[in-house]
Structures are given as C-alpha cells and as structure tokens.
Amino acid sequence: MRGGVQFRWTAGSGGPLTVDDYRLRARRRLPGMVWAYVDGGAESEQTLQANRSSFDRWSLVPRVLTGNQGSGLRTKLGDTELSMPVLLSPTGMTGLVHWDGERAAARAAEAAGTRAVISTASSYTVEEVAEATSESHFFQLYPWTSLTTGEALSKRFIDRAKAAGYAALFVTVDVPVGGNRLSERRRGMGIPPTLTPARALSAAVRPRWAYGFARHQRVSARMLVDERGTRAAVASARAQQTLLRPDLCWDDFARLRELWDGPIHIKGILAAEDAERAVDLGADGVMVSNHGGRQLDGAPAAIDALPAIVDRVGGRVPVLLDGGIRRGTDVVKALALGATAVGIGRPYVYGLAAGGQGGVEHVLEILREEIVRTLTLMGVADVSELGPDHVRRA
C-alpha cells in the first residue's frame, strides 16, 4: 500500500463478494457434466428462470429516520433456534461437487448457527453426518417403495434418522416421477453416464476436483448402497428410478405422520389447498418449493406461490420458501411476504464446490451481511417486524 492506495497485480477484489461470484468459481471448478447436474433445470428451464426473475417483481419499501440497525436475525423453527432465517435445503449427491459433501455443509450450517436438511439421496449416510456434527440437523425423506419387493423404505429411513438424533423431518412430495432434465441428458448425465473424450478432458483439466473424486469416491447415494465409487453411483441412481411413487397420495403422508413423532414439514407445496390439507393431516410446517425448477417446468415460481399459502395456513404453522434465493434482499422479500425462513440449495452448493466447508460458511456469511444491511437500509430492527407493508409489486 502506497499513498493510502492498495495495489494488486489484477483488478479482482481478492475473494467472492456475492453468491453469484461463488457461482462463477463453482462453474470453473466443476466438469461440464457435474455443472449440468448442479445448475440445470427441467425442459426449457422456464420455472428455473422464473424462480429468480420473480423476485424482481417485488420492490422493498424502506422507512427512514427510524434509528434502527437491522441486526435482529434470530428465528425459531419449532424448538430449534436459528441465528438467521436461512436453512440449507436438501440437495442430493453433493459429493459430486466436493468430496466432503453434506458432511461439510452441515458443519458449515451449525458454525453459522443454522441447520442443514440432509437428503435421502445424500453422499453420506445420516449416521455419518450426525457423527461429524454436534447439533441436531433435519432429515429430508423421499417416500420411496421398492417395486421389486414392495417394501416401503420410509420406515427404515425414519428409524435411522430418529436413532441418529435428527430433530425434524421434511417429506418431499413433488417427485412422483423424475423431471425431464434436458441439460443433464445432453451433457451425458444419464443413467448410466456417458463419457466422451471431451467430457473426460473437462474433468482432467480440473485437478483439484479430479483428485477429490478419485481419492474419496463420494458419488453414490449412501442411504441406498453401501459402496462408494462410480459403479455404486450408477447402481444407486438406477435404484432411485425404481423407487419413485407415482401413486403417492395423502394417505401415505398421514402414515408418515404416525411414524415420525417429531416436527414434520411437507416440501414441494405450490397450492394453498394442498398446504391446508397437509396441516389438517398434522404437518407442522410447509415448504413452498418447485424443486428448484428441476421437476415440472411451467410451475409457478416459489415466491409467486408464497402469498396465497401464507394467507391460508400462515397463522397455524411456519411457512418456508425454497427456490431462487441468491441475495439478502431476496430473503427479506420472502420474509415480508410471510415466510418464517428460507432454504438455499444451489447457493451453498456453489460455495461447497469452490471452497468446501469454508466456502459454504462464507456464502452464509455473505447472506447474513446482506440481510443486516438490507434491514438497516429499510429502517427495520428485526426480521420479526417484516410484513406485507414492507414490499409492493414493482
């Protein structure tokens, strides 16, 4: 530093400043096939894009001269205290982007004072994540049934999550069949994956990723198979295709409510009528979500579905939002529209790909700083004060 000016060889800031900065780093770190899995959506990706663009249709309404510093971020979800209204949403197979996968993500979440929702399709078992962490995280359940044996796997998974000390259950209900994820298929991420010389080169020129992949082999769904490695990954992906439940109905959810004696949330709700029925059947919370635009293309953006669901059940149970969150202003808009908290999927996966546990921690810190700054600029002291009068249609 000379004359009060700092000099650098390049014009960069020295590190990521936003979630989008982490997205760019993750794109450079990951082979094309893996990137398609992380960042792609279903069919024309209309819903994937709407999850982001719909936030632009809401403007924040600031109050001035309030003397408030927006540092009040603490939120309670059931009996769990969170230091900020942001959870890590369930994302399957995160070992594809970084060998430490869900284990690193859960450690980062608890370091930030929040929680991770661990997927049924996790690269680590619920037991492995529990052993690596000190807090009680949440478990996401796909209510799968074996077509060959007729065995409902839900009870087995629930019993394992209970024994491992998970504090809440999130039941995903928007995957009766797999979405048509064309970007993945076009880049060889089918079942089995298709490798070409160009795709192999895309992995080889990313030595850090390639070393983690080869050394640790955390690329299979470990709740379904005992082995690691590419052969096990293909086996677990094929198994998942046979376990999907097109016949899943409300009676199934009612039975899951009986199997789990703690808080149970239903994830994948976009209609107010469905939210009300879930609560009537014993749901302790609702997560408004379109699966990150990876299932039904043309479904409404999560933020657009939120107000009607809050109007219907918001006074009875917490309503969470999952989909499209990239900035602290997005979080504040969701909370003003009635969400209790939000879940992030891709943003934390970007951080994981770029920097492992430290990257996830930094993504959460970026969001925390952005939320505090947004609240302060709006003249709001605490997230609990946010309401519909703090936003308006742009």
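Structure: above.
Rules used throughout
- Residues numbered from 1 in each chain as written.
- Predicted model: local features only at pLDDT ≥ 70, side-chain atom pairs only at ≥ 80, totals over all residues.
- Heavy atoms only, no water.
- Core = buried A, V, L, I, M, F, W, Y, C linked by side-chain atoms within 4.5 Å.
- Buried < 20%, exposed > 50% of the residue type's maximum accessible area, 1.4 Å probe, protein only.
- Helix = DSSP H or I, 4+ residues; strand = E, 2+ residues; numbered from the N terminus.
- Contact = heavy atoms within 4.5 Å.
- Phe/Tyr/Trp six-rings, centres within 6.5 Å; stacked < 30°, edge-to-face > 60°.
- Lys NZ or Arg CZ within 6 Å of the ring centre and 35° of its normal.
- Salt bridge = Lys/Arg side-chain N within 4 Å of Asp/Glu carboxyl O.

Colleague: I would appreciate a short explanation of the nonpolar core in the present structure.
Modeller: Across soluble globular proteins, nonpolar side chains have a tendency to be buried as a group. Membership of the largest hydrophobic core comes to 99 residues, with the highest contact counts inside it found for Leu306 and Leu321. Among the elements that take part in this core, helix H15 (residues 346–378) stands out by supplying 14 residues, more than any other. When neighbours within four sequence positions are excluded, Leu306 is seen to be in contact with Val288, Val319, Leu321, Ala334, Leu337 and Ala339. By size, the runner-up hydrophobic cluster in this structure holds 10 residues, among which are Leu77, Leu87, Ala168 and Met287.

Colleague: Can you help me understand the environment of Thr242 in this one?
Modeller: Mapped onto the secondary structure, Thr242 falls in helix H10 (residues 230–243). Sequence-wise, Thr242 and Asp322 are 80 residues apart; in three dimensions their C-alpha atoms are separated by 26 Å.

Colleague: Just checking my understanding: could you explain the packing of aromatic side chains for this structure?
Modeller: Any aromatic ring pair is given by two values, namely how distant the centres are and how the planes are angled relative to each other. In total, this model carries 7 aromatic pairs according to the counting rule given. Ring geometry for Trp250 versus Phe253: centroids 6.4 Å apart, planes at 90°, classification edge-to-face. Here Phe253 and Trp250 lie together in helix H11 (residues 250–259), a separation of 3 residues that amounts to about one turn. With relative accessibility at 3%, the residue Phe253 sits in the buried group. Aromatic ring contacts, followed pair by pair, group Tyr142, Trp144 and Phe157 into a single cluster. Cation over ring: Arg294 sits above Tyr37, and NZ or CZ is 5.0 Å from the ring centre.

Colleague: What is the right way to read the pattern of salt bridges from this model?
Modeller: Charged atoms that come close allow side chains of opposite charge to pair. The final tally for this structure, using the stated rule, is 20 salt bridges. One salt bridge in this structure joins Arg160 and Glu127, with 2.9 Å as the shortest N-O distance. Of this pair, Arg160 sits in helix H6 (residues 154–164) while Glu127 is found in helix H5 (residues 126–132), placing the two residues 33 residues apart along the sequence. For Glu370, the salt bridge is made with Arg327, and the minimal N-O distance between the two is 3.6 Å. One end of the pair, Glu370, is in helix H15; the other, Arg327, is in the loop between strand E10 (319–322) and helix H14 (328–336), with 43 residues separating them in the sequence. Beyond isolated ion pairs, a larger network of salt bridges with shared partners links Arg245, Asp247, Asp252 and Arg255.

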